[in-house]
Amino acid sequence: MPLTPRDEADVTEAIRAALAEDAPLSIEGHGSKSALGRATRRERVLSLAALTGVTLYEPQELVLTARAGTPLREIVALLDAQNQQLAFEPMDHAALLGGARGDATIGGVIAVNASGPRRIKAGAARDHLLGFRSVTGRGEIVKSGGRVMKNVTGYDLSKLVAGSYGTLAALTELTLKVLPKAETEETLLLSDLGAEKGLAALRKASGSPYEVSSLAYDPQGDAAALRLEGPQISVTTRRDDLTRFLADFDGATSILAADESRAFWTRIRDAEPIAGEGVIWRVSLAPTDGFAFVERLRGAGAPIVAHVYDWAGGLVWLRLETVADAHATAIRAIVDALGGHATLIRAAADIRARVDVFHPQPSALASLTRRVKEAFDPRFILERGRLRAEF
Amino acid sequence: MSLLMPLPEQAIMARREELLARLRAILPAGNVIADETARRAYECDALVMYRALPLVVALPETVAQVSAIMALAQEMNVKVVPRGAGTSLSGGALPLEDGILLGMAKFNRILEVDFENRCARVQPGVQNLAISKAVEYAGFYYAPDPSSQIACTIGGNVGENAGGVHCLKYGLTTNNILGLEMVLMGGEVLRLGGKHLDSELYDLMGLMTGSEGLLGVVTEVTVRLLQKPVSARGLLLAFPTVEAGARCVGAIIARGIIPGGLEMMDAATIGAVENFQPCGYPLDAGAIVIVELDGTPAEVDHLVAVVEEIARAEGATETRVSQSEAERLRFWAGRKNAFPAVSCIGPDYLCMDGTIPRGRLPEVLTRMDGLAKLHGLRVANVFHAGDGNLHPLILYDASKEGDIERAEKLGADILRLCVEVGGVLTGEHGVGVEKRDLMGEMFDETDLAQQQRVKCAFDPQHRLNPGKVFPTLHRCAELGIMHVQSGKLPFPELPRF
């Protein structure tokens, strides 16, 4: 039976009750991401689905505040009407984890730091969180940050809670930086280059002055994709300049106009090219290491069913055949050698309870991570075991 | 000076000789500065009102030495204040009389430039501008550009989460770094992030950025490099009043344009600048707004026309568009010189650093004027208008009885006003010691206790840069972090202030 607080005071009460009984709480909005992270017992669920509503939106100030359970689609619609957006382009996990598309809440988006293809230019979800209100695992209401663009008053706890999977505090209200939407967009496709050359083209473009906002390579269609956004006149000239800049690569070029371009990047954002049966990994690396990682993994005999590169090769999505350790040993060994981290995004609960879903840390970092958790939630009442078996 | 710092711990002062001997065993002979005259060079940062002579200055050259010094300090229970170039404006690097001043200036090498991954690994003592200089031959630069960029170091930029003119469009330090190496109190060396994007689990790199040297000592930074825009043009817009200028700024952003730079100056500052080093600003303007638009020439030309049209609609009395790179730089010259220029119209000034929601600008300026009159002082204004970051310069005369105190009081009133209208105490200079006692204006006891618990996770004995940022130094035990054994608090000698 989920607890469904109506306001922050209710959240506080629920967490204090859980503390008194030493009964851990799982936090969810609409549950679209409950299959992420280590599998936990989820005996008691604190649902923030009733904490809804945009409490402040000032388009001229580029700022929006919403309660944590507000559906993302509601926020997107509100921003749309003012020609604005969440520039970090939150990923929708439905294609990978099931559930209805667009069902995420803003609290969940921030709790997993879900960012999309524009991350390379616009930053991650965490870069757009200006401030928050929350109830910690101590049952205390804590706020941090503010509603202005520049703020260095006290520690930047916004960075800490973004991507913390609800393990530090139950977020109750979030203040986000919003940005104008580009007037239009186009995507330049370079086809038939093969992965190695295609990724090299993306890296070259990422160091160009043409402000490419997204760079992906989809092996399924053998296409290197480069997104350009801005006023039409600018997009047109940059596309022409970029085509010349990449002429040496000798690929077949084509253009996706605005609507096709949007659809293409939504597919990449949501990792649709790798959707299907099996285990799913998300690997973050230096862009130059993306291709090498996949080659080495193949060399190690891992049965890759599908993969796609985003962030100029710095983000690799993989789907593999299911095995007992979800190929964690092989993947981690390669990532450790290259630098970066690998997250198991989808696997059966028994596998997620057994292997490290998040990348193992060196001991000094692991113990600091645990001390930070204890600073907010000393009794491990929130999302116990979600990140690490020991807390 | 009205600042209250913790009383030096006599037990530590008494062991100075032992500390010096043990530091000399870690560092080369010349890198332990014990002599009083030489230590004087470190007695303050750029907030020169507050000074203290450090117990000793240590200048490590390697990560191993930093680690050994931190372990030694932990063992001997000595405080450590990290310092880069000492350009901090909030007293963040103010030494402690019973502490080691850890100068990181010898960490001055660029270790690696990796254009393909658009990043560079640099040591913390490298100057901000030196990074851009080192990569400009290939068309790259490092975006955050604090006004002190010629002198300030990247390690200090991380400590303060430095911003600058570019940050409206390109973000602050926190948005432009990929990795850190740091040393904890106790000597453990950690690496956070790397050349990949996004930390996994807790974003400790994001937390470290802007933590004002209270959590760890940065020994290496991986910064993002950006390609320089193909072209940039400036607009110099004059308005009869600051209100009209502020409306224009709002209208530009409402149109969906995020300029590379968007700055404003009031009449007092314009007068000071023209008096200091004339660059052709209109002297009859109530405010001028400088806009920089960057991108491809076609995009920039298009946006210049849109911004000019907006400016006219908002009542601009003059609009100039730069026709050459030299002219663009001339538009900026006055803005860049604003601080030294203002110091010529009054013997001393105190630079404040509050951020407000931009829409409240006219109201805040009017009320600030009232506050200045109330305290009998003058204020000149320079703003990062695009992001609402104000830098009111309070003019005073230190040789006049009571002027410093008046300036401090006015400063505090201005910052309270910023918080009251929905803003914050500091946009880019940090809290340091300067705004420490105002933290309660923004945060309640629970908020502050939680922040200090984060400090306890990194530095349970509060040996790293204590006395900064937080108005009351709580022991970790009081915050429910440290175990109290047989009823005895650890470090009962630790003063509360």
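Computed from a prediction, not measured in an experiment: that's the story for all the values here.

K.L.:
An account of the overall build of chain A is needed here, citing residue identities and associated values.
P.N.:
If you tally the helices and strands in chain A, you get 14 helices and 17 strands. What you see for chain A is a C-alpha radius of gyration of 21 Å, in line with the 21 Å of a compact globule of 391 residues. By its C-alpha atoms, chain A is 65 × 50 × 35 Å across when sized along the principal axes. Looking at chain A as a whole, 64% of its 391 residues are labelled buried. A sequence separation of at least 24 residues applies to 72% of the contacts in chain A between residues at least 6 apart. Carbon and sulfur atoms form 49% of the exposed surface of chain A, whose accessible area is close to 13,200 Å². Once the 47 positive and 49 negative side-chain charges of chain A are each reduced to a mean point, those two points are 4 Å apart.

K.L.:
Kindly report on the packing of helix H9 (residues 242–254) of chain B against helix H11 (residues 297–313) of chain B, identifying the contributing residues and their values.
P.N.:
Residue and element names in this part refer to chain B. One way to put it is that H9 packs onto H11 with a least axis distance of 9 Å and a crossing angle of 140°. Here H11 runs oblique to H9, going by the angle between their axes. Of the two possible hands of crossing, H9 and H11 adopt the one that is right-handed. Contact residues: Cys-248, Ala-251 and Ile-252 in H9; Val-307, Ile-310 and Ala-311 in H11.

K.L.:
Which residues make up the nonpolar core, and what values do they have?
P.N.:
Counting 223 residues, the largest nonpolar core has Leu-226, Trp-281, Phe-293, Trp-317 and Leu-318 of chain A together with Leu-204 and Phe-458 of chain B as the members making the most contacts within it. Core analysis: the next-biggest nonpolar cluster, separate from the first, contains 26 residues, Leu-20, Leu-23, Met-70 and Phe-107 of chain B among them.

K.L.:
Explain unusual backbone geometry residue by residue, including any values.
P.N.:
Its identity as a non-glycine residue notwithstanding, His-327 of chain A has a phi of 70°, on the positive side. Within the secondary structure layout, His-327 of chain A lies in the loop between strand E16 (315–320) and helix H12 (328–338).

K.L.:
How would you summarise the interface of chain B and chain A if you had to cite specific residues and measurements?
P.N.:
Between chain B and chain A, the residue contacts involve 87 residues of the former and 75 residues of the latter. Between the two partners, chain B and chain A, sit 7 salt bridges. Residue Lys-143 of chain A pairs with Asp-447 of chain B through a salt bridge whose shortest N-O separation is 2.5 Å. Where chain B packs against chain A, one counts 27 residue pairs in polar contact (both at pLDDT 80 or more). Broken down by element, the residue count for the side of chain B that touches chain A peaks at 9 residues, all from helix H17 (residues 445–458) of chain B. Residue composition of the side of chain B that touches chain A, grouped by class: 33 nonpolar, 31 polar and 23 charged.

K.L.:
Residue-level account of the state of the cysteines, with values.
P.N.:
All names here are of chain B. According to the stated counting rule, one finds 1 disulfide over all chains in the structure shown. The partner cysteine of Cys-456 in its disulfide is Cys-476, sulfur to sulfur 2.1 Å. Given an S-S torsion of about -100°, the disulfide between Cys-456 and Cys-476 has left-handed geometry. A residue pair is termed long-range when its members are at least 10 positions apart, and Cys-456 in helix H17 and Cys-476 in the segment after H17 qualify at 20 residues. Looking at Cys-476, the relative accessible area reads 1%, which means it is buried. Cysteine Cys-248 shares no disulfide, and the gap to the nearest cysteine sulfur, in Cys-167, comes to 19 Å. What makes Cys-248 buried here is its relative accessible area of 0%. Free cysteine: Cys-418, not disulfide-bonded; nearest cysteine sulfur from Cys-351 at 12 Å.

K.L.:
Before we move on, can you summarise the pattern of salt bridges with the specific residues and values?
P.N.:
Counted by the stated rule, this structure contains 73 salt bridges over all chains. Between Glu-112 of chain B and Lys-195 of chain B there is a salt bridge, with its nearest N and O atoms 2.6 Å apart. With a gap of 83 residues between them, Glu-112 of chain B in strand E5 (residues 110–114) and Lys-195 of chain B in the loop between strand E9 (189–193) and helix H8 (204–208) connect regions that are remote in the sequence. Owing to a relative accessible area of 25%, Glu-112 of chain B belongs among the partly exposed residues under this scheme. Here Asp-369 of chain B ties to Lys-373 of chain B by a salt bridge, and the two come within 3.2 Å at their closest N and O atoms. Of this pair, Asp-369 of chain B and Lys-373 of chain B both sit in helix H14 (residues 361–375), 4 residues apart, which is roughly one turn of that helix. When salt bridges that share partners are traced, they join Glu-89, Arg-118, Glu-185, Arg-227, Glu-229, Asp-259 and Arg-262 of chain A into one network.

K.L.:
Describe H12 of chain A, naming the residues involved and giving the relevant values.
P.N.:
Residue and element names in this part refer to chain A. Within H12, the full set of buried residues consists of Ala-328, Ile-331, Arg-332, Ile-334, Val-335 and Leu-338. One face of H12 carries all of its buried residues, which in axial projection span an arc of 165°. Facing away from the buried side of H12, by more than 90 degrees, are the exposed residues Thr-329, Asp-336 and Ala-337. The inward-facing, buried residues of H12 abut strand E14 (279–285), helix H11 (290–299), E16 and strand E17 (340–346). Of the residues trailing H12, Gly-339 is marked for its positive phi of about 95°.

K.L.:
An account of the pairing of strand E3 (residues 54–58) of chain A is requested, with residue identities and associated values reported.
P.N.:
Residues and elements named next belong to chain A. Strand direction decides the pairing type here: E3 and strand E4 (residues 63–67), joined by 4 bridges, are antiparallel. Paired with Tyr-57 across the two strands is Leu-64, which belongs to E4. Connecting E3 to the next strand, E4, in antiparallel fashion are 4 residues, including Leu-62 with a positive phi near 60°.

K.L.:
Tell me about the sheet that holds strand E8 (residues 177–183) of chain B, residues and numbers included.
P.N.:
Residues and elements named next belong to chain B. Taken in spatial order, the 5 strands line up as E5-E6-E10-E8-E9 in an open sheet, and their pairing is antiparallel. A strand with exactly one partner marks an edge of an open sheet, and here the two such strands are E5 and E9. If you compare each strand with its neighbour and ignore which way they point, the axes differ by 10° on average. Where E8 and strand E10 (residues 217–224) come together, 6 bridges link them in antiparallel fashion. Within E10, the position partnered with Leu-180 by the bridge is Val-221. Helix H5 (residues 128–135) rests against E5, strand E6 (119–122) and E10 of the sheet, and its axis sits at about 45° to E5.

K.L.:
Report on the packing of aromatic side chains, specifying residues and quantitative values.
P.N.:
Counted under the stated rule, the structure contains 10 aromatic pairs over all chains. Three or more aromatic residues joined by ring pairs make a cluster, and in this case those are Phe-115, Tyr-137 and Phe-140 of chain B. Between the NZ or CZ atom of Lys-204 of chain A and the centre of the ring of Phe-245 of chain A, over which it lies, the distance is 4.4 Å.

The rules behind each value
Residues numbered from 1 in each chain as written. Chains lettered and ligands numbered in written order. Predicted model: local features only at pLDDT ≥ 70, side-chain atom pairs only at ≥ 80, totals over all residues. Heavy atoms only, no water. Helix = DSSP H or I, 4+ residues; strand = E, 2+ residues; numbered from the N terminus. Rg over C-alpha atoms; globule rule 2.2 N^0.38 Å. Buried < 20%, exposed > 50% of the residue type's maximum accessible area, 1.4 Å probe, protein only. Contact = heavy atoms within 4.5 Å. Areas by Shrake-Rupley, 256 points an atom, 1.4 Å probe, with all protein chains shown as cover. Lys, Arg positive; Asp, Glu negative; His and termini not counted. Charge placed at Lys NZ, Arg CZ, Asp CG, Glu CD. Axes fitted to C-alpha atoms, helices over the stretch in contact; angles between N-to-C directions. Parallel < 35°, antiparallel > 145°, perpendicular 65-115°, else oblique. Left-handed = near helix turned anticlockwise from the far one by under 90°. Core = buried A, V, L, I, M, F, W, Y, C linked by side-chain atoms within 4.5 Å. Salt bridge = Lys/Arg side-chain N within 4 Å of Asp/Glu carboxyl O. Polar contact = N/O pair within 3.5 Å; in protein donor to acceptor, adjacent residues only side chain to side chain. Nonpolar A, V, L, I, M, F, W, Y, C, P; charged D, E, K, R; others polar. Disulfide = S-S within 2.5 Å. Arc of directions from axis to C-beta. Pairing = 2+ DSSP bridges. Phe/Tyr/Trp six-rings, centres within 6.5 Å; stacked < 30°, edge-to-face > 60°. Lys NZ or Arg CZ within 6 Å of the ring centre and 35° of its normal.

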